[in-house]
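What the coordinates show
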Amino acid sequence: MPSSAVRRLSALLPADRLLWQPEQLAAYQSDALTAYSALPLAIAMPETADEVIALVRACRADKIPFVARGSGTSLSGGSVPVAGGIVIALNRLNRILRLDPAQRLAVVEPGVINLAVTTAAAPHGLHYAPDPSSQPICTIGGNVAFNSGGAHCLKYGMTSNHVLGLRAVLATGEVVGFGGPSREQLGPDWCGLFTGNEGLFGIALEITLQLLPKAECFHTVLAGYRTLEQAGDAVSAIVASGLLPGAIEMMDALALEAATAAVHADYPPGCEAVLIVELEGPREVVAADRVRLDGILAASAPVEARPARNAAERLAIWKGRKSAFSAVGRLSPDFIVQDGVVPRRRLGEALRRIAAMTREAGLRCANVFHAGDGNLHPLILYNGRNPGELTRAEALAGRILKMCVAMGGSITGEHGVGLEKRDYLPDMFSADEIDCLQRIRAAFDPLGIANPGKMFPGGEAPAFVQHGLHPLEKAGVISRE
Amino acid sequence: MNATLTPTSVIELVDAVRATPRVLAVGARTKPRLSHVSPDVTLLSMRQLCGIIEYEPDEYTFTALAGTSLHALAAALAEKGQYLPFDPLLVAAGATLGGTVAAGLNGPGRFRFGGVRDFILGVRFVDGSGRLLRLGGKVVKNAAGFDLPKFFTGSLGRFGVLAELTFKVFPRAASTLTLRLPVAGSEAAVKLLTVAANTRWEPDALDLLPSGDAVVLRLAGPANALPTLAREILARFPGEILAADAAAAIWADLCEFRWTFPDGSLLKLALTPGELPALTAIVRALAGRLHISVGANVAYVSLPAGANPAALSLPALTLRGPGPLWHNPPPAPAISAAVKSALDPLNRFPALAD
Ligand SMILES: Cc1cc2nc3c(=O)[nH]c(=O)nc-3n(C[C@H](O)[C@H](O)[C@H](O)COP(=O)(O)OP(=O)(O)OC[C@H]3O[C@@H](n4cnc5c(N)ncnc54)[C@H](O)[C@@H]3O)c2cc1C
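Treat the numbers as computed from the prediction; the structure is a model and nothing was measured.

1. Some points on the overall build of chain B
- A count of helical and extended segments in chain B gives eleven helices and 19 strands.
- For 354 residues, the compact-globule formula gives about 20 Å, and the C-alpha radius of gyration of chain B, at 21 Å, lands near that figure.
- Dimensions along the principal axes, computed over C-alpha positions, put chain B at roughly 65 × 50 × 35 Å.
- Buried residues in chain B amount to 62% of all 354 residues.
- In chain B, 70% of the contacts between residues at least 6 apart in sequence involve partners at least 24 apart.
- Total accessible area on chain B stands at roughly 12100 Å², and carbon and sulfur atoms take up 58% of it.
- Placing the 32 positive and 27 negative side-chain charges of chain B at their respective mean positions leaves the two points 3 Å apart.

2. Side note on the overall build of chain A
- The secondary structure content of chain A amounts to 17 helices and 22 strands.
- Taken over C-alpha atoms, the radius of gyration comes to 22 Å for chain A, in line with the 23 Å a tight globule of 481 residues would show.
- In terms of overall dimensions, chain A has a C-alpha envelope of 70 × 60 × 45 Å along the principal axes.
- Expressed as a percentage of its 481 residues, the buried residues of chain A come to 64%.
- Within chain A, contacts between residues at least 6 apart in sequence are counted, and of these 74% link residues at least 24 apart.
- Carbon and sulfur atoms make up 54% of the accessible area of chain A, which totals about 16000 Å².
- Between the centroid of the 44 positive side chains of chain A and the centroid of its 48 negative side chains there is a distance of 2 Å.

3. Focus on the domain arrangement of chain B
Residues and elements named next belong to chain B.
- Split into domains, chain B comes out as domain 1 (50-171), domain 2 (175-255) and domain 3 (265-327).
- A straight line from the C-alpha centre of domain 2 to that of domain 3 covers 23 Å.
- Listed per partner, the contact involves 13 residues of domain 2 and twelve residues of domain 3.
- With both sides pooled, the region where domain 2 packs onto domain 3 buries about 910 Å², and carbon together with sulfur makes up 63% of that total.
- Seen at the junction of domain 2 and domain 3, the total is zero salt bridges.
- Seen at the junction of domain 2 and domain 3, the total is five residue pairs in polar contact (both at pLDDT 80 or more).
- Where the side of domain 2 that touches domain 3 is concerned, the elements lending two or more residues are α7 (186-197) and β12 (205-208).
- Among the elements that take part in the side of domain 2 that touches domain 3, α7 stands out by supplying five residues, more than any other.
- Along the lines of polarity and charge, the residues of the side of domain 2 that touches domain 3 split into seven nonpolar, four polar and two charged.

4. Some remarks on the interface of chain A and chain B
- Every contact between the two is made by 82 residues of chain A and, on the other side, 73 residues of chain B.
- Taking both sides of the interface into account, the surface hidden between chain A and chain B amounts to around 6400 Å²; carbon and sulfur atoms contribute 61%.
- For the chain A face of the interface with chain B, the top three residues by lost area are A:Glu184, A:Leu186 and A:Arg439, together amounting to 12%.
- There are eleven salt bridges connecting chain A and chain B.
- There are 33 residue pairs in polar contact (both at pLDDT 80 or more) connecting chain A and chain B.
- Residue assignment for the side of chain A that touches chain B shows that the elements contributing at least two residues are α6 (153-156), β9 (163-170), β10 (175-179), α7 (190-194), α8 (228-240), α10 (283-299), α15 (425-428) and α16 (431-444) of chain A.

Quick notes on the rules
Residues numbered from 1 in each chain as written. Chains lettered and ligands numbered in written order. Predicted model: local features only at pLDDT ≥ 70, side-chain atom pairs only at ≥ 80, totals over all residues. Heavy atoms only, no water. Helix = DSSP H or I, 4+ residues; strand = E, 2+ residues; numbered from the N terminus. Rg over C-alpha atoms; globule rule 2.2 N^0.38 Å. Buried < 20%, exposed > 50% of the residue type's maximum accessible area, 1.4 Å probe, protein only. Contact = heavy atoms within 4.5 Å. Areas by Shrake-Rupley, 256 points an atom, 1.4 Å probe, with all protein chains shown as cover. Lys, Arg positive; Asp, Glu negative; His and termini not counted. Charge placed at Lys NZ, Arg CZ, Asp CG, Glu CD. Domains from an automatic or database assignment. Buried area = accessible area lost by both parts, 1.4 Å probe. Salt bridge = Lys/Arg side-chain N within 4 Å of Asp/Glu carboxyl O. Polar contact = N/O pair within 3.5 Å; in protein donor to acceptor, adjacent residues only side chain to side chain. Nonpolar A, V, L, I, M, F, W, Y, C, P; charged D, E, K, R; others polar.

The structure is reproduced here in structure tokens:
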């Protein structure tokens, strides 16, 4: 029998779109951070914005917690359900409402898949810039909630830099419109505040995204280095030269080994690190810039620097990069992906310290990351069946985050705080600062019903289960970075 | 006349906020209407709170006190070949970094890489309870906590006093080239602006001159790449390449609002290209002037004394001149008041509406 709360919600949706039987709930109990799980009261599957609004207002009337959910690929436990609450699954709100090539914008529902926006824009020579590795599967609603990034943040920024307007239902039940179709706005930047709220403010119903013309030309180079320091120095030299590459990515030896095994990527032998640098723009600009880039790379003493000679070679370089994490995942039964940021010039030092801490913990750790942004993604390998290993892995992850903060960086560059890092928020912010964030949260959600238990320290943790690859990664559909 | 306090340190700034029941921070007052508030409000001059605290060219980041002049900042960045890509306005007039954030103003360069909101990373501010808080981060990428730094962009000092700001910067392109492309009428201007924005050329700036008869398109990049691009553009849209000094003068005149009525008002409007013709007609009917910037995403309108900005029939923010701060504002949602009281429970700062 459904609970009385679920019975009241059932007035809002047909029976086949309100799931409450235990076997139906199981599919929603975790997200891509499979360490946590909780069983919700019910899963609501609205098909229209009005249904979402009605659901949120009903939750408010009955003080039922709700968790918005896109594709459930959050790596920080953001979309893990709340026990005693409902999940509002937004996958059926997946319409592109408007595509305006002249104004270079798209208005989309929250359940639209990231890559679908670029696919729809491509015939007009446009694209949607934020490109998380999960882009074939994650939703724009999830991207907005987490201010997701990707490989091209250095030049183009994160999701937030591409959200022009939002219509949302807040946890108060109020429906608001922030921003609009213009790239400029008047007054405080409400879209900026809403983006990155981790589902704690309410539910985005309609998002206006800016589109950019697709770059005409690319120059992608893969350079292998004997040592991590040399690769780090090459990053600094590129940045100091005044070039503005679209992407600067790095992989370490263990990640290279895994990518070689998994997708037969081919890297220069004997390298501690490989760098991927990509220039993009009009062909005349790229032609001029590549001369400088090639000079800088030649002077950085690589084992080998390989420019992609055609589109197929460029795609192969990116395939190795984007599949690296799931490839590493195959080396080990379980793993944790971390997401810290350090100042770019301290990358080499950070990697050395991570290696030392990993040795002390008796574990293995691979690194694949956005070097241009100083955004590290250490991937800690462990076996959950060996007693104590999970605890050691988590302790190591915590030490890495604390190191990032001590170096002047951040506990998260793009995956959000969620459940996983909520206890580290006080490492970045003082009690007064957290109080300020909490007051803002309370303005949007006075009852604390929107995704409670996330971002802020304390509160009950849901059940801890197992780590491992996301089911879709196991199926080879997506990969993580 | 409003009383004015001039703190000389962040500590003094905090004390001043705590000691004053009604207060508003002011920079160089280059957008005077934004700080024209009722006489019981004490103004906190940020003049003495200036200077760059940290500048890491290799990180593309700097942190500076809010009263730092954009002029000083631009000079420090230029020494390392870097710049604020949103082309700050009123630099020569003395505008400060904090004032630029609070006003949310961007110059023509916003077209290519984004505006203040896209380059601000972190903020240290005093909230209405007199607490000194730091939110956001000091690195180019950070997703921890709500993005208050973005929210403060355009907040007009009504939610907190900005003390210190951290920004991302970019390397400046080696050279620029400006094309002047004549247009006959606003429909033709819309066409040119939208077409040029969707090309492979990657314009750095794309504005319609206040004269209304020409678009200025700026390219930025390696010196040997730009002439070829310019030739291709001119083959499509007849016009001319401007000499470097003439181009610099045009952009400076735009950025300093030298085209406006000295005694008239100055307003900012957010725009879409489709709204350009109707707005132009209204402004002409009011005997006003306008500068369409950022590919027709923003309009700056100057009206002669006596003309009523409400006739513009779009939401407008008054930067200079008499009358209300806002014209045709959209209704404020309840969340606006709730966030205001979260950051400023005692209403120490003026309301967004005044
Ligand atoms: C293999 C893999 C690779 C990844 N690569 C990257 C990467 O490169 N960069 C990166 O930044 N992240 C990456 N991620 C993390 C993840 O994909 C992103 O965080 C993504 O934005 C989540 O989207 P989703 O649709 O799966 O959201 P979900 O996981 O379903 O939800 C995420 C959060 O958003 C909230 N939410 C969802 N929809 C809405 C809405 N409409 N309104 C309000 N709140 C909402 C949820 O409550 C939850 O808190 C990766 C994840 C995986 C598994």
